[in-house]
Amino acid sequence: MDKLLTLRSAKKNKVMDGLGIEETRLYLILLANSGENGDGKVLLSSINGALGKEFSIGILKSACRKLAECGLIEVSAPSLEQGKGDNSKLAYRITPEKQRGAMLKDGKRGAI
């Protein structure tokens, strides 16, 4: 997956226009941490380190929900893998451009 192309496509198609700063920052972190197939897992402690301690679980869930509604990500169910201590992970998939358009047209959303 070409991450720069994915980001340019989302911007060009105005998919990101309705996102707030928290959602945008989270999307960039998830995109940067995703693998070649778009799948990714990121430690919540890494998200907190990048976005600050004020970025709570509630804000994270809300941001993930908004990103899924926009067709940018799919969050694996259960959305948060519980680890020990600060080792909880968010498992997700960056939605490819072709699939994003079809999901939005059909009204399908990523699981939260």
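These numbers come from a predicted model, not from an experiment.

1. Thoughts on the confidence of the model for the chain
Okay, step 1: Of the residues in the chain, 79% have a pLDDT of 70 or more, and the chain-wide mean is 82.
Okay, step 2: Of all secondary-structure elements in the chain, the lowest mean pLDDT belongs to helix H5 (residues 97-106), at 59, while helix H2 (residues 21-33) reaches the highest, 93.

2. Describing the packing of H2 against helix H3 (residues 44-51)
Okay, step 1: At their nearest, the axes of H2 and H3 sit 11 Å apart, and the two run at 130° to each other. When the axis of H2 is compared with that of H3, the two are oblique. For the pair H2 and H3, the sense of crossing is right-handed. Side by side, H2 and H3 meet where Arg 25, Leu 26 and Ile 29 of the first sit next to Ile 47, Ala 50 and Leu 51 of the second.
Okay, step 2: Residue composition of the contact of H2 with H3, by class: five nonpolar, no polar and one charged.

3. Regarding H2
Okay, step 1: Across its 13 residues, H2 extends 18 Å between first and last C-alpha, which sits within 8% of the 18 Å expected from 1.5 Å per residue.
Okay, step 2: Within H2, the full set of buried residues consists of Glu 23, Leu 26, Tyr 27, Ile 29, Leu 30 and Leu 31.

So, how was this worked out
- Residues numbered from 1 in each chain as written.
- Predicted model: local features only at pLDDT ≥ 70, side-chain atom pairs only at ≥ 80, totals over all residues.
- Heavy atoms only, no water.
- pLDDT = per-residue confidence, 0-100.
- Helix = DSSP H or I, 4+ residues; strand = E, 2+ residues; numbered from the N terminus.
- Axes fitted to C-alpha atoms, helices over the stretch in contact; angles between N-to-C directions.
- Parallel < 35°, antiparallel > 145°, perpendicular 65-115°, else oblique.
- Left-handed = near helix turned anticlockwise from the far one by under 90°.
- Contact = heavy atoms within 4.5 Å.
- Nonpolar A, V, L, I, M, F, W, Y, C, P; charged D, E, K, R; others polar.
- Expected span 1.5 Å × (residues − 1).
- Buried < 20%, exposed > 50% of the residue type's maximum accessible area, 1.4 Å probe, protein only.

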